[in-house]
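# Residue-level structure breakdown
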Amino acid sequence: MRTCKQFLALSVMFSLIVFSACNKDKEKDKEVKTKVELTGAQEVPVKTTPAKGTADVSYNKTTRLLTYTINWSALTGMPTGSHIHGPVPRGVNAPIKHDFFALFPKTTSGTFTNAVMVDGVALKEDSLLKGFYYFNIHTPMNPGGEIRGQIEF
């Protein structure tokens with residue numbers, strides 16, 4: 001009888017461990033992250049500029065919240081626009097889908113953190129996960145965009 005109880009206890013513990021591991025895998029699947037490089041070479045047409053940047057991007061599939069922190073340096077002038085454009089593949093221009101310029105620091109180098117809901121209208125989850133949106137920072141010298149970075153998970 002004691003062996004049967006021990007076996008039962010071990011079976012329950014094993015099941016809990018497996019279930020817990022599965023839940024952790026599901027938690028990982030809920031959020032995707034990427035680091036995006038912003039360069040003049042990604043602009044269409046290509047821009048020659050000393051400016052560069054990065055964006056740390058995270059998307060939570062459950063809450064549908066896209067969060068990002070953009071770091072940039074050496075813009076040729078004060079920013080005149082900053083947005084997310086899409087949905088298009090790398091190398092193609094697209095309309096603005098999320099404008100965050102009103103909140104964006106008007107500096108040639110800096111950091112900015114923000115979040116936006118992937119609402120299925122302006123920003124669509126399937127297009128986001130396929131890499132069809134990009135960040136873009138505009139300046140007076142480069143009104144169509146000085147640096148750009150495709151959001152690819």
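As a starting point, this report considers the structure included with it.

What counts, and where the lines are drawn
Position numbers for residues start from 1 in each chain and track the written sequence from start to end. Per-residue local features are limited, in this predicted model, to residues with pLDDT of at least 70; the limit for side-chain atom pairs, both in listing and counting, is 80 or more; totals at the level of whole chains, interfaces and linings are taken over all residues. Processing note: side-chain calculations cover all non-hydrogen atoms of the structure and skip hydrogens and water entirely. Every helix listed is a DSSP run of H or I at least four residues long, and every strand listed is a run of E at least two residues long, numbered separately from the N terminus. Relative accessibility decides the category of a residue: with a 1.4 Å probe and only protein chains considered, values under 20% of the type maximum give buried, values over 50% give exposed, and everything between is partly exposed. Residues count as neighbours in contact if any of their non-hydrogen atoms are within 4.5 Å of one another. In this description, accessible areas are obtained by the Shrake-Rupley approach with a 1.4 Å probe, and a residue is regarded as covered only by the protein chains that are shown. Between Lys or Arg on one side and Asp or Glu on the other, a salt bridge is scored when a side-chain nitrogen of the former is within 4 Å of a carboxyl oxygen of the latter. Aromatic pairing here means that ring centres of Phe, Tyr or Trp (its six-membered ring) are within 6.5 Å. Orientation follows from the plane angle: under 30 degrees is stacked, over 60 is edge-to-face, and everything else is tilted. Criterion for a charge above a ring: Arg CZ or Lys NZ at most 6 Å from the ring centre, at most 35 degrees from the ring normal. DSSP calls a pair of strands paired once it identifies at least 2 bridges connecting them. Neither His nor the chain termini are counted; the positive set is Lys and Arg, and the negative set is Asp and Glu. Contacts described as polar in this section are N or O atom pairs within 3.5 Å, which, within protein, must combine one atom able to donate a hydrogen with one able to accept it, while residues neighboring in sequence count only if both atoms come from side chains.

### Points about the overall build of the protein
For the protein, the count of helices and strands is 2 helices and 8 strands. What you see in the protein, going N to C, is helices and strands ordered as α-β-β-β-β-β-β-α-β-β. Looking at the protein residue by residue over its 153 residues, the buried ones come to 37%. A separation threshold of at least 6 residues defines the contact pool for the protein, and within that pool the share at least 24 residues apart is 64%. Surface summary for the protein: the accessible area is close to 8700 Å², and the carbon and sulfur share equals 63%.

### Some details on the pattern of salt bridges
Side chains that differ in charge, positive against negative, can pair when their charged atoms come close. Tallying each qualifying case throughout the model produces 3 salt bridges. Two residues, Glu152 and Arg90, come together in a salt bridge whose shortest N-O distance is 2.7 Å. Here Arg90 lies in the loop between strand 4 (81–85) and strand 5 (96–99) and Glu152 lies in the segment after strand 8 (147–151), a separation of 62 residues in the sequence. A relative accessible area of 46% places Arg90 in the partly exposed class.

### As for the packing of aromatic side chains
Using the criterion set out here, one finds 8 aromatic pairs in the structure. When the centroid spacing of 5.9 Å and the interplanar angle of 55° are considered together, the rings of Phe100 and Phe104 count as tilted. The exposure class of Phe100 is buried, given its relative accessible area of 2%. Seen in terms of ring centroids, Phe100 and Phe135 are 6.4 Å apart; in terms of plane orientation they differ by 70°. Their pairing is edge-to-face. One end of the pair, Phe100, is in the loop between strand 5 and strand 6 (110–117); the other, Phe135, is in strand 7 (residues 133–138), and 35 residues separate them in sequence. You can call Phe135 buried: its relative accessible area is 1%. Within the aromatic cluster, the residues linked to one another by ring pairs are Tyr68, Trp72, Phe100, Phe104, Phe112 and Phe135. It is Lys106 that lies over the ring of Phe101; its NZ or CZ is 4.0 Å from the centre. The residue whose ring lies beneath Arg148 is Tyr134, and the NZ or CZ to ring-centre distance is 3.4 Å.

### Quick word on the pairing of strand 8
Along strand 8, 5 of the 5 residues are buried, which leaves the element largely enclosed by surrounding structure. Side chains Ile147, Gly149 and Ile151 project from strand 8 onto one buried face, and the interleaved Arg148 and Gln150 project onto a second face that is buried too. With 5 bridges connecting them, strand 7 and strand 8 associate as antiparallel partners. Bridge pairing in strand 8 links Ile137 to Ile147.

### Focus: unusual backbone geometry
Pro45 follows Val44 through a cis peptide bond whose omega is 0°. With respect to the element layout, Pro45 can be found in the loop between strand 1 (31–39) and strand 2 (52–60). Cis geometry marks the peptide bond from Gly86 to Pro87, where omega comes out at -10°. Mapped onto the elements of the fold, Pro87 is located in the loop between strand 4 and strand 5. Backbone geometry places Arg64, a non-glycine residue, at a positive phi of 65°.

### Some details on the side chain of Glu146
Tracing the backbone through its elements, the reader meets Glu146 in the loop between strand 7 and strand 8. Buried charge without a salt bridge: Glu146, with Lys47 as the nearest opposite-charge side chain at an N-O distance of 9.3 Å. Within the structure, the side chain of Glu146 is placed 2.5 Å from the side chain of Thr49, a separation counted as a polar contact. Among the polar contacts listed, one links the side chain of Glu146 to the side chain of Thr139, at a separation of 2.6 Å.

Honestly, it's all geometry; don't read function into it.
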